[in-house]
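# Summary of the model geometry
Letter by letter, the chains look like this.
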Amino acid sequence: MPGTRSTGLFALGGIALAALLTVIGHLEVNDDLSPWALTISDFAVSDRGGVIDVAMVVLALATVALLYGLRRTGPPRAQSGRTAELLLGTWVAGLLLAAVVPTNEPGTAMTTAAYLHRYASVVAFLALPVGGWLLARRPDLAPAARTLRTLVLLSLVLAAAMVWSAYPGDRVLIGLVERLLILTEVAVLATVAVVQSRTSVAVRGARLTPVRGASAAGLPR
C-alpha cells in the first residue's frame with residue numbers, strides 16, 4: 001500500500017531514536033540514582049524537560065505512524081481491530097501525559113501530579129499488550145502473530161511482577177522490572193513496524209503480477 005512502507009520505517013527510526021535518548025538520559029542524571037531500584041520516571045524527574053521526556057514523545061509519535069500505516073493497509077473490519085487501534089491510541093495518550101506531567105522526586109510525598117503521572121503510565125502499560133494481542137489477529141500481521149503473542153504474554157508477566165514489587169515487594173528491583181517491561185512492550189511496536197515496512201513491498205509485487213498477466217492476454221489494464 002502506498003505510504004505503508006515509509007510509515008513502518010519512520011516508526012522504526014522513532015523507536016531507535018527514543019531508545020538512544022533514554023540511554024543518554026540515564027547517563028546525564030545524578031550518579032546516586034540506581035536504575036535497579038528507581039523507575040525511568042524517577043530518572044526523568046531528576047532532569048525535568050530532559051531527553052527522557054523527549055524520548056517518550058518520540059515513541060508516541062512512532063506509534064501514531066504505526067496507526068497510520070495500519071489504516072493505510074486497510075481499515076479494521078472486525079470489532080477487535082477497532083479496539084486494538086483504540087488501545088494503541090490510549091498508549092499514545094498515556095505516554096504524552098506521562099511526559100508532560102512530572103512524578104515526584106524520589107523519597108518525597110506523592111502529589112496530585114505524581115498520581116496522574118503514575119496512573120497514566122499504568123493505563124499505557126496495560127493498553128499496549130492488550131492491543132498487541134488483538135493486532136495479532138490481523139491478516140496483514142499474520143507473519144508475526146506468534147511473536148506478538150509471545151511478547152504480549154511476557155509483558156503481562158513483567159507487569160504482574162512490577163505490581164508485586166510496587167506493593168507487597170517493597171519496590172525491590174522495581175527499576176529493573178520496569179525497564180524489562182518497557183523493552184518488551186516496545187518490541188511489540190517494533191515487530192509491527194518491521195512487518196509493516198516489509199508487507200507493502202509484497203503487496204505491490206502481488207498487484208503487479210496480475211496486471212502483467214492481463215496485458216499478455218490482451219485485456220485492458
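Residues numbered from 1 in each chain as written. Predicted model: local features only at pLDDT ≥ 70, side-chain atom pairs only at ≥ 80, totals over all residues. Heavy atoms only, no water.

What follows concerns the environment of L135. By the element assignment, L135 lies in helix α5 (residues 112–135). Along the primary structure L135 and S80 are separated by 55 residues, whereas in three dimensions their C-alpha atoms are 8.0 Å apart. Dropping the residues within four chain positions of it, L135 is found in contact with L70, A84, L88, L141 and V192. (Helix = DSSP H or I, 4+ residues; strand = E, 2+ residues; numbered from the N terminus. Contact = heavy atoms within 4.5 Å.)

Here we come to the packing of aromatic side chains. Tallied over the entire structure, the rule returns one aromatic pair. The ring of W133 is capped by R149, whose NZ or CZ atom sits 5.6 Å from the centre of that ring. The ring of F43 carries the charged tip of R179 above its face, separated from the ring centre by 5.1 Å. (Phe/Tyr/Trp six-rings, centres within 6.5 Å; stacked < 30°, edge-to-face > 60°. Lys NZ or Arg CZ within 6 Å of the ring centre and 35° of its normal.)

We now examine the confidence of the model for the chain. On average, residues of the chain score 84 in pLDDT, and 83% of them reach the 70 mark or higher. The low-confidence segment residues 200–221 (pLDDT under 50) makes 12 contacts with residues lying over four places distant or belonging to another chain. (pLDDT = per-residue confidence, 0-100.)

We now examine unusual backbone geometry. The phi dihedral of R171 is positive, around 60 degrees, even though this residue is not glycine. For R171, a relative accessible area of 36% corresponds to the partly exposed category. The phi dihedral of L173 is positive, around 55 degrees, even though this residue is not glycine. Mapping L173 onto the fold places it in the loop between α6 (145–166) and α7 (174–216). Its relative accessible area of 45% is what places L173 among the partly exposed residues. (Buried < 20%, exposed > 50% of the residue type's maximum accessible area, 1.4 Å probe, protein only.)

Looking now at the packing of α5 against α6. Across the interface, α5 lies against α6 with an axial gap of 9 Å and an inter-helix angle of 155 degrees. Classed by the angle they form, the pair α5 and α6 counts as roughly antiparallel. Once α5 is placed against α6, the crossing between them reads as left-handed. From α5, P129, G132 and W133 reach across to α6, where they touch L148, R149, V152, L153, S155 and L156. (Axes fitted to C-alpha atoms, helices over the stretch in contact; angles between N-to-C directions. Parallel < 35°, antiparallel > 145°, perpendicular 65-115°, else oblique. Left-handed = near helix turned anticlockwise from the far one by under 90°.)

Okay, the nonpolar core next. If you look at the biggest cluster of nonpolar residues, it comprises 47 residues, and the most contacted ones within it are L59, L88, W91, L135, L141, L189 and V192. Mapped onto this core, the elements with two or more residues apiece are α1 (4–28), α3 (51–73), α4 (79–100), α5, α6 and α7. The greatest single-element share of this core, amounting to 10 residues, is contributed by α3. Once you skip the residues sitting within four places of it in the chain, L88 turns out to touch T63, L67, L70, L128, L135 and L189. The next biggest cluster of nonpolar side chains, apart from the first, holds six residues, and it includes L33, L38, I40 and A44. (Core = buried A, V, L, I, M, F, W, Y, C linked by side-chain atoms within 4.5 Å.)

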